[in-house]
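Coordinates in review
Chain by chain, the residues:
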Amino acid sequence: GENVEQHPSTLSVQEGDSAVIKCTYSDSASNYFPWYKQELGKGPQLIIDIRSNVGEKKDQRIAVTLNKTAKHFSLHITETQPEDSAVYFCAAMYSSASKIIFGSGTRLSIRP
Amino acid sequence: DTGVSQNPRHKITKRGQNVTFRCDPISEHNRLYWYRQTLGQGPEFLTYFQNEAQLEKSRLLSDRFSAERPKGSFSTLEIQRTEQGDSAMYLCASSSLLVHQETQYFGPGTRLLVL
């Protein structure tokens, strides 16, 4: 069935270092892959997304890569800052503009 | 332009009571989605509307749950005869069919605690 797996569940990095979160999806028909950041007590905030016709997308310190053959996609955050501490969710969309299937989340902590 | 808004932000109720949540989407967004998020998990899809039509419902949406979007603008989610297992964050999201229709923008959520 529809499934998105996300690793690691927790990640602690030194401020200024890079953080990488990896996800896999099960349905090869998926064509849209958003990433959300969720801070305590708030709703998920879209930080970057990628569509299946693109292999990589970058926005300042954040980049996402997609390997459709392997059904893998990853989030890369460079030069991490304290405000990057949050829970990050990868997700996949399985049909045209309808429901999103979320991963289980990665709690990212930035050590000063 | 304001984002998606949800009310109330918090709700505490006793088991067996009915509760109703409201979601106001981003202006002119055609699609509106409801998700449920339990502690330590990602959001799970419940249902979505395109304008006033409810197009898909998850099997998570038991008979005690009902959602409406009568005029194609705001939506309500009602839970009847609440159970302790209904305790969760209820999230609303909206998207536009005209621009990047896949992109869903989330509200702050309504946190429900059933005692």
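As a reminder, the structure under discussion sits directly above these lines.
Throughout what follows, the structure given in this document is the object of discussion. (Residues numbered from 1 in each chain as written. Chains lettered and ligands numbered in written order. Predicted model: local features only at pLDDT ≥ 70, side-chain atom pairs only at ≥ 80, totals over all residues. Heavy atoms only, no water.)

1. Considering the packing of aromatic side chains
Tallied over the entire structure, the rule returns 15 aromatic pairs over all chains. Here the aromatic rings of tyrosine 36 of chain A and phenylalanine 106 of chain B are separated by 5.2 Å at their centres, their planes lie at 85 degrees, and the arrangement is edge-to-face. Residue tyrosine 36 of chain A is located in strand 4 (residues 32-38), and its partner phenylalanine 106 of chain B is located in strand 10 (residues 105-106); the two belong to separate chains. Judged by its relative accessible area of 11%, phenylalanine 106 of chain B is buried. Stacked on the ring of phenylalanine 74 of chain B, the Lys or Arg arginine 22 of chain B has its end atom at 3.9 Å from the ring centre. (Phe/Tyr/Trp six-rings, centres within 6.5 Å; stacked < 30°, edge-to-face > 60°. Helix = DSSP H or I, 4+ residues; strand = E, 2+ residues; numbered from the N terminus. Buried < 20%, exposed > 50% of the residue type's maximum accessible area, 1.4 Å probe, protein only. Lys NZ or Arg CZ within 6 Å of the ring centre and 35° of its normal.)

2. Structural notes on the side chain of lysine 37 of chain A
Residues and elements named next belong to chain A. Take lysine 37: it is sitting in strand 4. Given the relative accessible area of 13%, lysine 37 is considered buried. From its side chain, lysine 37 meets the backbone oxygen of glutamate 83 in a polar contact 2.8 Å long. (Polar contact = N/O pair within 3.5 Å; in protein donor to acceptor, adjacent residues only side chain to side chain.)

3. Examining the sheet that holds strand 7 (residues 62-67) of chain A
Residues and elements named next belong to chain A. The strand order across the open sheet built from five strands is 1-3-8-7-6, with neighbouring strands paired in antiparallel fashion. Edge positions in the sheet fall to strand 1 (4-7) and strand 6 (56-59), since each has one partner strand and no second. Direction aside, the axes of adjacent strands within the sheet are offset by 15 degrees on average. Pairing between strand 1 and strand 3 (residues 19-25): four bridges, direction antiparallel. Paired with glutamine 6 across the strands is cysteine 23, a residue of strand 3. (Pairing = 2+ DSSP bridges. Axes fitted to C-alpha atoms, helices over the stretch in contact; angles between N-to-C directions.)

4. Digging into the state of the cysteines
Residues and elements named next belong to chain B. Enumeration over the complete set of coordinates arrives at two disulfides over all chains. In this model, cysteine 23 is linked to cysteine 92 through a disulfide, with the two sulfur atoms separated by 1.8 Å. Sign of the S-S torsion, about -65 degrees for the bond between cysteine 23 and cysteine 92, identifies this disulfide as left-handed. In this pair, cysteine 23 sits in strand 3 (residues 19-24) while cysteine 92 sits in strand 9 (residues 88-95), placing the two residues 69 residues apart along the sequence. With respect to burial, cysteine 23 and cysteine 92 carry one shared label: buried. (Disulfide = S-S within 2.5 Å.)

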